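What follows is each chain in one-letter form.
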Amino acid sequence: MIGSFIVLFAIFTFLGFYGSRWRRGDMGQLNEWALAGRRLGATLAFFLVGADLYTAYTFVAVPSGVYAAGALYAFAIPYVAITFGVALAFAPRLWKISKEKGYITGSDFVKDRFESRTLSILLAIVGIVALLPYIALQIVGMQTVLASMLVGIANNTVVEEVALIIAFIILAAFTFTSGLRGATLTAVFKDILIWLTVIVVIAAALSEIGGFSHVFTPSLSAKYFALSSPQLPAYMSLVLGSAMALYLYPHAVNGILSAESAHKLRLSTSFLSIYGIGLGLLALFGVLVYAVPGALAMVKSFGSGLYVVPALILNTLPPWLAGVALLGIFVGGLVPAAIMAIAQANLLTRNIVKEFRPNMTPQGETRLAKWASAAFKFIALAFVFVISSTYAIQLQLLGGILILQLFPSLFIGLYTRWFKKEALIVGLLGGIFSGVYLVLLANHFGKLITSVYPTAVGSIYIAILSLGINLLLTIVLSAVIPRRAKAEEVPVPPTKVSTQ
Amino acid sequence: MKYPKTGMKSTDVVLVLLLLIPALLNFYAPYYNMVNPTLGGLPFFWWFQILLLVIVVPFYLAFTYLQKHNESAEPNGGVTS
């Protein structure tokens, strides 16, 4: 098992390094390292965005949530179906405007659109911070895979700690060397492994169990069959909040902007929900595990639902194939984490540091970006320790609460200039602070186990509540603040002055 | 709104519906939140949501090709920024 894992990992690493040479541009240029030179066609854009979106969240966090809490965490399925509709509504327009004006981040767009450097910097900061827990989730996923292979070598606590260190080192080294090209090539490889894994495991497990009717038996708790009525508001708000948030992430914006044309972008997006079928089946693994005693015992020995998928793999597949499948999950965390870290570094150099040091050389910029991405991963690591591992999905939901606050400026702003920059800034801050405060309140200032907050109409995903506060502030203030003839902030280059 | 374009055209309405319908089908959970009919032992709640992932694709494809058609009609590609 470990043999096939290592052989495939060697191939994967080769692809990562080869990728940095493939269709080579000048890797000293930031948009070459970070946007692959904006030359990805429909197929590659499909794989890149697929890699962005189907991550340790899908392979580890969702099945774990389903295992522990039941049907509630199936919200990930309709979320995936809707999020591509949201993408179709906003992403191609962002692509076009960006292409026309040469933007390579969401902050670039906002800075120009609302003539506000402050808003642009805030957007970059929120983007970077929101990605930290998401990256942490990928690290947790990689750790889980390694720990499940090393089980028995030492006691489980030691195994998990060693696994975490190895996972982290591999991630840092991989990001540093490959850039977006490398990540895209490896994404194709990763997706093939993932599909293979999902199909093989579900077939093997079902043939062993004898079909779903032996899983969904009367002895199984009702919470796995469907939702209880009180869960509906939480379910629907988690679907909506997650779907609206996904494409606001800096790495998703990166994915959008690296497409070759708006049509190709739409075309690949249209098919992406098909990917969600794999996610749906993986979510079901959280129920399936109850019918496979060997796998269930392993999950219980670690005391964490994260081990659902690895345990099913190890208990239903022959060892060599298990190694292949586990590698699929491992790189399923690694590739997205690298893509996210690249996006963070891109924002830091281009939209924060360069604002204050405009004379940086392109080489200096790229060097800073690479080192920053390594530093951010250390900060992400800290998030690993603030969650209860079975509920690692909360890391992604926390990221969602933060990133959704960009919706008014980055997405609604694509269609209207009516919002005032001051209003957007106050709204954004109001959304962020209320979001963080409600998260702390909902979890009683302890470990993160929930992202919903009880309201009069039932529990609601905090991202939606905070977006409500954000929008309210933005709209009311935009209506109240008089429009000035000229922008107040001087340093903004006079690209295109609003004519209203 | 102080951002007038040429106003809503009928194709715009169709475009909005092509995204809104799949969104509502997925979002409004109460109508699919039930156990029966099961499919191969799988509760309705589960298999229907997985089926919806396929159902949305023709909507999204129709949106994509309608947009392409619109854009070839407008020389600036619809960007009014």
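Conventions adopted
Throughout this document, residue positions are counted from 1 along each chain, in the order its sequence is written. Each chain is given a letter, starting from A, and each ligand a number, starting from 1, according to the order in which they appear as written. This being a predicted model, a pLDDT of at least 70 is required before a residue's local features are given, and a value of 80 or more before pairs of side-chain atoms are given or counted; all residues contribute to the totals for chains, interfaces and linings. Under the scheme used here, helices are H or I runs from DSSP no shorter than 4 residues and strands are E runs no shorter than 2 residues, and both carry numbers assigned from the N terminus. Put plainly, a residue is buried at 20 or more neighbouring C-beta atoms within 10 Å of its own, exposed at 12 or fewer, and partly exposed in between, counting only other residues' C-beta atoms, which are placed from the backbone. Any two residues are considered in contact once their C-beta atoms, placed from the backbone, lie within 7 Å. Take the buried Ala, Val, Leu, Ile, Met, Phe, Trp, Tyr and Cys residues, join any whose C-beta atoms are within 7 Å, and the set you get is a nonpolar core. Throughout this entry, Asp, Glu, Lys and Arg are counted as charged residues, while Ala, Val, Leu, Ile, Met, Phe, Trp, Tyr, Cys and Pro are counted as nonpolar. The remaining residues, Gly among them, count as polar. Multiplying one less than the number of residues by 1.5 Å gives the expected span of a helix. A residue's bend is given by the angle between axes fitted to the 7 residues ending at it and the 7 residues starting at it. Confidence of the prediction at every residue is given by pLDDT, a number between 0 and 100. Paired strands, as defined in this entry, are two strands with at least two bridges between them according to DSSP. Every axis in this analysis is a line fitted to C-alpha atoms, fitted for helices over the stretch in contact. Angles between the N-to-C directions lie between 0 and 180 degrees. Reported orientations rely on four angle classes, namely roughly parallel under 35 degrees, roughly antiparallel over 145, roughly perpendicular from 65 to 115, and oblique for the rest.

Let's talk about the overall build of chain A
- The helix and strand tally for chain A stands at 19 helices and two strands.
- Looking at chain A as a whole, 61% of its 500 residues qualify as buried.
- Contacts spanning at least 24 positions in sequence make up 84% of the contacts within chain A whose residues lie at least 6 apart.

Description of the overall build of chain B
- The number of helices and strands found in chain B is two helices and zero strands.
- Sequence-distant contacts, at least 24 apart, represent 48% of the contacts inside chain B between residues at least 6 apart.

Digging into the nonpolar core
All names here are of chain A.
- Core analysis: the biggest nonpolar cluster contains 195 residues, and Val289 and Leu312 have the highest contact counts within it.
- No other element matches helix H7 (residues 117–150), which puts 20 residues into this core.
- Ignoring anything within four residues of it in the chain, the contact list for Val289 reads Tyr67, Ala295, Leu296, Val299, Val308, Ala311 and Leu312.

A word on the interface of chain A and chain B
- Counting from both sides, the interface comprises 42 residues of chain A and, opposite them, 34 residues of chain B.
- Secondary structure elements with two or more residues in the side of chain A that touches chain B: helix H5 (76–101), helix H9 (232–245) and helix H11 (262–288) of chain A.
- Broken down by element, the side of chain A that touches chain B gets its largest block of residues, 12 residues, from H5 of chain A.
- Of the residues contributing to the side of chain A that touches chain B, the split by class is 28 nonpolar, 10 polar and four charged.

Thoughts on H9 of chain A
All names here are of chain A.
- Between its terminal C-alpha atoms H9 stretches 20 Å, which fits the 20 Å expected from 14 residues at 1.5 Å a residue.
- Across the 14 residues that make up H9, a large majority, 12, are buried.
- Taken together, the buried positions of H9 are occupied by Ala234, Tyr235, Met236, Ser237, Leu238, Val239, Leu240, Gly241, Ser242, Ala243, Met244 and Ala245.

Some points on H11 of chain A
Residues and elements named next belong to chain A.
- When the terminal C-alpha atoms of H11 are compared, their 41 Å separation across 27 residues agrees well with the 39 Å that a helix rising 1.5 Å per residue should span.
- If you look at H11, its biggest bend is around 25°, right at Ser273.
- Most of H11 sits inside the fold, with 22 of its 27 residues counted as buried.

A short note on the confidence of the model for chain A
Residue and element names in this part refer to chain A.
- Summing up the model confidence of chain A, the mean pLDDT is 82 and the portion of residues at 70 or higher is 86%.
- Within chain A, the lowest mean pLDDT, 54, falls on helix H2 (residues 30–35), and the highest, 94, falls on H9.
- Residue range residues 494–500 is modelled with pLDDT below 50. Its contacts to residues more than four positions away, or to other chains, number four contacts.

Digging into the pairing of strand S2 (residues 458–461) of chain A
All names here are of chain A.
- Across four bridges, the pairing between strand S1 (residues 452–455) and S2 is antiparallel. By the bridge assignment, Thr455 is partnered in S2 with Gly458.
- From the end of S1 to the start of S2, which pair antiparallel, there are two residues.

Overview of the confidence of the model for chain B
- On average, residues of chain B carry a pLDDT of 83, and 80% of them reach 70 or more.
- Taken together, the chains of this predicted complex give a pTM of 0.86 and an interface ipTM of 0.85.

Some details on unusual backbone geometry
- Cis geometry marks the peptide bond from Asn36 of chain B to Pro37 of chain B; its omega dihedral reads 0°.
- Secondary-structure assignment places Pro37 of chain B in the loop between helix H1 (10–27) and helix H2 (44–73).
- Positive phi values are uncommon outside glycine, yet Glu115 of chain A reaches one of about 50°.
- You can call Glu115 of chain A buried: it has 22 C-beta atoms within 10 Å.

Examining the environment of Phe44 of chain B
All names here are of chain B.
- Locating Phe44 in the fold gives a position in helix H2.
- The class for Phe44 is partly exposed, based on 18 C-beta atoms found within 10 Å.
- For Phe44 and Pro58, which are 14 residues apart along the polypeptide, the C-alpha to C-alpha distance reads 22 Å.

Re the environment of Ala374 of chain A
Residue and element names in this part refer to chain A.
- Its location among the elements puts Ala374 in helix H15 (residues 362–384).
- What makes Ala374 partly exposed here is the crowd of 15 C-beta atoms within 10 Å.
- Taking C-alpha positions, Ala374 is 26 Å from Lys447, a pair spaced 73 residues apart along the chain.
- Discounting chain neighbours no more than four positions away, the residues touching Ala374 are Ala172 and Phe176.

Describing the packing of helix H4 (residues 56–69) of chain A against H7 of chain A
Residues and elements named next belong to chain A.
- It is at 9 Å that the axes of H4 and H7 come closest, and there the two elements cross at 75°. In terms of orientation, H4 and H7 fall into the roughly perpendicular class. Contacts between H4 and H7 involve Ala56, Tyr57, Phe59, Val60 and Ala61 on the former and, on the latter, Leu137, Gln138, Val140, Gly141 and Thr144.
- For the contact of H4 with H7, a count of residues per class yields seven nonpolar, three polar and no charged.

Quick look at the environment of Ser116 of chain A
- As for its placement among the helices and strands, Ser116 of chain A is situated in the loop between helix H6 (106–113) and H7.
- The spatial distance from the C-alpha of Ser116 of chain A to the C-alpha of Ala203 of chain A is 54 Å, given a sequence separation of 87 residues.

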